[in-house]
Every structure is written in structure tokens, then in C-alpha cells.
Amino acid sequence: DQGRAIRMRRAHEPRPGDCPMSSVADRLDIADLVARYAHYVDRRDWLALAELFTADAELLQPDPPRSLEPARSLVGRDAILAAMHALDDIPVTQHAVLGTVIDFGGPDTATGWVTGQANHVTSDADKHRNLVWYLHYQDEYRRTANGWRIARRAVHIDWIETRPVRLHRGTATA
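A brief look at the structure comes next. (Residues numbered from 1 in each chain as written. Predicted model: local features only at pLDDT ≥ 70, side-chain atom pairs only at ≥ 80, totals over all residues. Heavy atoms only, no water.)

## Considering helix α3 (residues 77-84)
In plain terms, the rule: Each residue is placed in one exposure class: buried if its accessible area under a 1.4 Å probe, protein chains only, is under 20% of its type's maximum, exposed if it is over 50%, and partly exposed if it falls in between. A run of H or I in DSSP counts as a helix once it spans at least four residues, and a run of E counts as a strand once it spans at least two, with each numbered from the N terminus. Arc definition: it is the arc formed by the directions from the helix axis to the C-beta atoms. In what follows, a contact means two residues having at least one pair of non-hydrogen atoms within 4.5 Å.
Residues I80, L81, A83 and M84 constitute the buried set of α3. Down the axis of α3, the buried set is contained in an arc of 160°. They therefore lie on one face. For α3, exposure combined with an orientation more than 90 degrees from the buried face picks out D78 and A82. Against the buried residues of α3 lie α1 (24-43), α2 (46-50), β1 (53-63) and β2 (67-75).

Next comes the structure, spelled out in C-alpha cells:
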């Protein structure tokens, strides 16, 4: 590399676009918000899931297989929850957060790029399949009186894979 040095940013150095008021606690709170979304979806805890969104939140969802990019806009907690109930027909899901990048726009706003994998296990007779979505969320967060909440989430599916799976005894039935 002919003497060129690569300078790594230290964890405590501000990122471009960071507000000086952003703190480690804010980052942890938003990371927890993202993790709870996955947890509540997988547990079908719809009331807890609704509380992760602002009252006026927007969820932009794809319409696979027709569209892997956001195709539908759902505004407000009630509309978001109605759409999430589509998962009630899938016996097992497992959402994994693989990485999160958070940038602050001010003391009460932030954006996030979240990569993840969403597993949807279905059963047909003795055959079990996992429909895997490799995806990313483009999020907008807002601090409220109840803490950080998702104000806008756009779901982008990067690719889809279907594969056979073997289930642990008692995990799911058709």
C-alpha cells in the first residue's frame, strides 16, 4: 500500500450527521427497540409490538413475490397491526437482526439501517419449509415521552430463499 495508512474511527468519535447530544444510552435504547420488534413479531405479541411505533407511524411493506421493494403504505398503529396479523397463519417465524447503523439528526430524531433475516417456517403434511427473507429496514426513529419509537419503517427484501427444514419435536405443526 506504499505507505498509505488507514485511519479507523474510534467508537467514541462522532459519526457524520451525529448530534453531539446523542449518547451511548440512546444508541442502546434504539438497538433494543429494533431487537424487541423482532422478538414481539416472533411471539405474536401484537399489543407490545404496537407500542414500539409512534401513533402516526408509517410502515412500508413489500408485496412478494411481485415486489421486493416497499409497495404498500400502512399508516397508524391499527393499520400496521392489521397487516402484521398475516403472520398468524405461519406456525413459526424467527427474525434475526444482523446489524444496525444509527445516525442522529437531532436530540429527538434518528435514522437507522437495519439488516436482518426473517425465517417463515410452514408445514405441509410431513414436509417443512423455511421461506427466508434476507432484508433491510430503513428506519426513522423519534424520541417520545415513552422513549424511542419507530416513526417510519421501510422494508426491503434483498433476496428470498426457500429450503427444506427439519423441526425440533413440538416446534410447529400444520
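## Some remarks on the layout of surface pockets
Keep this limit in mind: Here a cavity means grid points, on a 1 Å grid over the protein atoms only, where a 1.4 Å probe fits yet cannot get out; a pocket means an open set of points with protein on both sides within 12 Å along at least five of seven lines; lining residues are those with an atom within 4 Å of a point. Grid points are joined across faces, edges and corners, and a volume is the space filled by probe spheres set on the points. Each residue receives one of three labels: charged for Asp, Glu, Lys and Arg, nonpolar for Ala, Val, Leu, Ile, Met, Phe, Trp, Tyr, Cys and Pro, and polar for the others, Gly being one of them.
The calculated volume of the largest pocket comes to roughly 440 Å³. With 4 residues, the single largest contributor to the lining of the largest pocket is strand β5 (residues 127-144). Across the lining of the largest pocket, the residue classes tally to 16 nonpolar, 3 polar and 1 charged.

## Comments concerning the packing of aromatic side chains
We describe a pair of aromatic rings using the distance from one ring centre to the other and the angle between the two ring planes. Filter applied, for reference: Pairing of aromatic rings covers Phe, Tyr and the six-membered ring of Trp, with a centre-to-centre limit of 6.5 Å; geometry is then stacked below 30 degrees between planes, edge-to-face above 60, and tilted otherwise. In this scheme, Lys NZ or Arg CZ marks a charge over a ring once it lies within 6 Å of the ring centre and within 35 degrees of the ring normal.
Scanning the entire structure with this criterion turns up 4 aromatic pairs. Measuring from ring centre to ring centre gives 5.7 Å for Y37 and Y137, while their planes differ by 75°; the resulting arrangement is edge-to-face. Of this pair, Y37 sits in helix α1 while Y137 is found in strand β5, placing the two residues 100 residues apart along the sequence. What links up through ring pairs into an aromatic cluster is the set Y37, F53 and Y137. Between R153 and the ring centre of Y37, over which it is positioned, the NZ or CZ distance is 4.2 Å. A cation sits over an aromatic face here: R153 above Y137, 3.8 Å from the ring centre.

## Observations concerning the sheet that holds strand β6 (residues 147-164)
Formally: Here a strand pair is declared whenever DSSP counts at least two bridges between the two strands. Geometry is summarised by axes, namely lines fitted to C-alpha atoms with helices restricted to the contacting stretch, and by angles between N-to-C directions that run from 0 to 180 degrees.
Within the open sheet, the 6 strands sit side by side as β2-β1-β6-β5-β4-β3. Their pairing is mixed. Single-partner strands in this sheet number two, and they are β2 and β3 (92-106). Going from strand to strand, the sheet's axes swing by 20° on average, the running direction of each strand aside. Relative to β6, β5 is paired through 16 bridges, and the arrangement is antiparallel. Bridging from a neighbouring strand, R142 pairs with R149 of β6. Contacts from α1 reach β1, β3, β4 (109-124), β5 and β6 within the one sheet, and its direction differs from that of β3 by about 155°. Each of β1 and β2 touches α3; the most contacted strand, β1, lies at about 35° to it.

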